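Overview (structure and organization)
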Amino acid sequence: MKLRSLGIALAATAALIALPTTHPPAAAADTPLSQGKTATASSTENAGTAAAKAVDGDTGTRWSSAAADDQWFQVDLGATASVTQVVLNWETAYGKDYKVQISTDGTNWSDLKSVTGSDGGVDTLDVSGQGRYVRMLGVHRATPWGYSLWEFQVFGSTSGTQPACGTANAAQGRPATASSTENAGTPASAAFDGDTKTRWSSQASDPQWLQVDLGAVKDLCKVDLNWEAAYGKDFQLQASADGQNWTTLKTVTGASGGTASYDVSGSGRYLRIYGTTRGTGYGYSLWEVAVHTGSTGTPPVQGGGDLGPNVIVVDSSTPDLQKKFDDVFAQQESSQFGTGRYQFLLKPGTYNGINAQLGFYTSISGLGLNPDDTQINGDVTVDAGWFNGNATQNFWRSAENLAIKPSGGTDRWAVAQAAPFRRIHVQGGLNLAPNGYGWASGGYIADSKIDGTVGPYSQQQWYTRDSSVGGWTNGVWNMTFSGVQGAPAANFDSGPYTTLDTTPVSREKPFLYLDGSTYKVFVPAKRTNVRGVSWPANAGTSIPLDQFYVVKPGATAATINQALAQGLNLLFTPGVYHLDQTIDITRANTVVLGLGLATLVPDNGIDAMHVADVDGVKLAGFLIDAGPVNSDTLLRIGTPGSTADHSADPTTMQDVFVRIGGAGPGLATNSVVVDSDDVIIDHTWIWRADHGSGVGWDTNRADYGLRVNGDDVLATGLFVEHFNKYDVYWSGERGRTIFFQNEKAYDAPNAAAVTHDGIVGYAAYKVADSVATHEAWGLGSYCNYTADPSIVQAHGFQVPTTAGIKMHDLLVISLGGKGQYAHVVNTTGAPTSGTDTVPSKVTQFP
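Here the structure is a predicted model, which is why all the values come from computation and not from measurement.

Another point: the overall build of the protein. When you go through the protein residue by residue, the secondary structure sums to three helices and 57 strands. Taken over the C-alpha trace, the protein has a radius of gyration of 30 Å; the compact-globule value for 846 residues is 28 Å, and the two agree within 12%. Seen through its principal axes, the protein has C-alpha atoms that stretch 85 × 65 × 60 Å. A buried classification covers 59% of the 846 residues belonging to the protein. Long-range contacts, defined as pairs at least 24 residues apart, comprise 67% of the intrachain contacts of the protein with a sequence gap of at least 6. When the accessible surface of the protein is summed, it comes to about 29800 Å², and 49% of that surface belongs to carbon and sulfur atoms. Computed over 54 positive and 78 negative side-chain charges, the inter-centroid distance for the protein is 2 Å.

Here's what the structure looks like:
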């Protein structure tokens, strides 16, 4: 150990000896905006190489990091600036590959420049961007030492004199929380109610904190504290963009209580008073806290506006309307992994003689408040001519909020997964099979009325929720209904039907509509013990479009996050959006709505979207497509360890689809993780691709499809397929699933690759051994082990055998004998039937 340490010391000394005695000046002549400003770093080599040394204007002092990659150095310019040039004056230990990034809040970053193959010395980079924070993010070092900068200089211009600190109290009436309260009469909110006769007080211990949510990221300039007799002697004023990661704006020691004002400089959505030492034997107690803000200097993101180039808005008098449908269909009919995305929006009225054929990534919706406001005397059609009459790959399309009077009396909707049919009034019958009755593998209907008979014919499985049907003729393996008037009687013993009279909890998907000439988004209310459609009563709320950031192709993740921080909702117009930072949703009741299967692709291994553990977020109508660098979790709802009760206003995930591979290599350890309680997952297809581009056991590896850690989560219409390990792993209590469809991974190379804990094959649906209460209805798992047909999977379902676990109507199937199941659930249920493709069933377990 001593010899190794001595060797490192000698090497470091040699490096210093090799340094030139003078260092070249920066290329720019003006005083940089960064000089003398606050600087921070991911690490420092020692006390003599602090971050501040790289912005002190002295080329004889330096910052240096620990000897590892993924190090960063950043400077707070003190105000938003238009940045035009960044100069990095490297010491001998330089960065070979690095990024220069900019941020408005110090949390969400955008790239200004990516540098590869730098040779050290002085790098002068011309850039263009606006922000308050600028950083160097090291990717690869050029030497065994860390990253080391003599000077880091940022040039550009600010808007001139910064605005004075505002006099208004940005915290008054805002949501507040605290580490503790003395009693019910001293809640956190009392310190932000504008009333100096009410107060917050904590328990009598250290440390304690009080925080307020300002609703959006703001530039913070002053905090006023009005202490009660029980004051804080030592405390910190802190800010955060997300309520989890905190920056100290000011440290106060030896305070004496009373009223005091503190000038601060920083930004954040959340302001926290973090007490470390009390001034008395009691707790901390504040009559009032006021937070004053200035301008961040960044122009706000504007809500509303037009709907972009790929939304086709029509009315009944639109010329050549049929040609518009036909042209898009010709492009999209077989474009399974293409980049085209389209949304047809039909204004209220009557459309005669129309046949809207829908190909991939094409959606059609009416713009009325009720389906009958938009009447099609014609058809909305999905068929399978492009695939020789096989409908098992008719994915990624949708129809919503229309009335259809089919030209021949029956509309054809021959789809597979990820093709929702919502809020439709079919004034006739509905045929779910392709022309010629070839294979089909759908599907999902919700909140719809079908006056005539629904004929699934060759459909292998289907889920229908909160609807009414004039009749239902047959089915193949798994036809599940909840809250459907006219549904067939349950007969899973001898047939395909699982029927529940009601759906325990549901909330219909938000939708865009026209109120006169104004676009709004209607957000339906939560319903319990539901049977039948939600309309025309339409309980819920309307949100004007100007409260949405209308996201169009080319939008950056930084702008999207800025819009969210301002309190805007998101409306993604059709397109493919590459993300260089995670979309962070932190505000309760935020709506994120996609049109035309808008697609989010996380780059460089980031997660695509995080949702905080808050009430009532609505995610709907978009696709997340994994990138070629492994993401840990593509979509996370809640935070690990979340325990808040959201039963009154749950977060919903509806028609949100996830894809790993198919359009190219994709990698993700977890596809969707639900940590919040009470979440409703209403129709999702989480798919590790079995065909397309970038497909292979490791090429598009994804271990888990859905992981549920939250309690009281309900899934209605759950499709999860082909994952390398568990497709669904449920560890939250009191979970419920109504309808589950699964295929195991086709490409498992052999039994050894899927053997764990002495068990061959990962269950399609696993309930953790620790779970005491869980219930599910209408579940099917199919195997098609094409890479090794000799694999015998132990079971499709694995659950604890306790009184609180209730599994209803389960089946497993071997597709043509390619692999088999030994049992249905645990060690219960007969093995599958060889090559006969006949299901093995268990009606009740245990």
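Having seen the model, we can carry on.
Looking now at the pattern of salt bridges. As enumerated under the stated definition, the model contains 37 salt bridges in all. In this structure, the salt-bridge partner of R141 is D69, at a minimum N-O distance of 3.2 Å. Here the residue R141 occupies a position in strand β6 (residues 122-141), and D69 occupies one in the loop between β2 (63-64) and β3 (72-90), the gap between them amounting to 72 residues. Residue D675 pairs with R636 through a salt bridge whose shortest N-O separation is 2.6 Å. Taken together, the residues D675 in the loop between β43 (668-674) and β44 (680-688) and R636 in strand β41 (residues 631-637) connect sequence positions 39 residues apart. Accessibility expressed as a relative area gives 4% for D675, which makes it buried. Salt bridges linked by common partners bring E400, R422, R465, D466, E508, K509, R527, D655 and D682 together as one network.

Once that is clear, we can look at unusual backbone geometry. In this model, D206 is joined to P207 through a cis peptide bond whose omega is -10°. A cis amide bond links F845 to the next residue, P846, at an omega of -5°. Looking at the secondary structure, you find P846 in the segment after β57 (840-845). Unlike most non-glycine residues, D466 shows phi in positive territory, near 50°.

Right, let's get into helix α3 (residues 557-565). Burial runs high along α3: seven of the nine residues are buried. Where α3 is concerned, the buried positions are A557, I560, N561, Q562, A563, L564 and A565. If you follow the buried residues of α3, they end up packed against β10 (208-227), β13 (259-278), β34 (548-551), β35 (569-572), β36 (576-579) and β37 (583-585). Phi for G567, located one or two positions after α3, is positive at around 100°.

Reading the values: rules and limits
- Residues numbered from 1 in each chain as written.
- Predicted model: local features only at pLDDT ≥ 70, side-chain atom pairs only at ≥ 80, totals over all residues.
- Heavy atoms only, no water.
- Helix = DSSP H or I, 4+ residues; strand = E, 2+ residues; numbered from the N terminus.
- Rg over C-alpha atoms; globule rule 2.2 N^0.38 Å.
- Buried < 20%, exposed > 50% of the residue type's maximum accessible area, 1.4 Å probe, protein only.
- Contact = heavy atoms within 4.5 Å.
- Areas by Shrake-Rupley, 256 points an atom, 1.4 Å probe, with all protein chains shown as cover.
- Lys, Arg positive; Asp, Glu negative; His and termini not counted.
- Charge placed at Lys NZ, Arg CZ, Asp CG, Glu CD.
- Salt bridge = Lys/Arg side-chain N within 4 Å of Asp/Glu carboxyl O.

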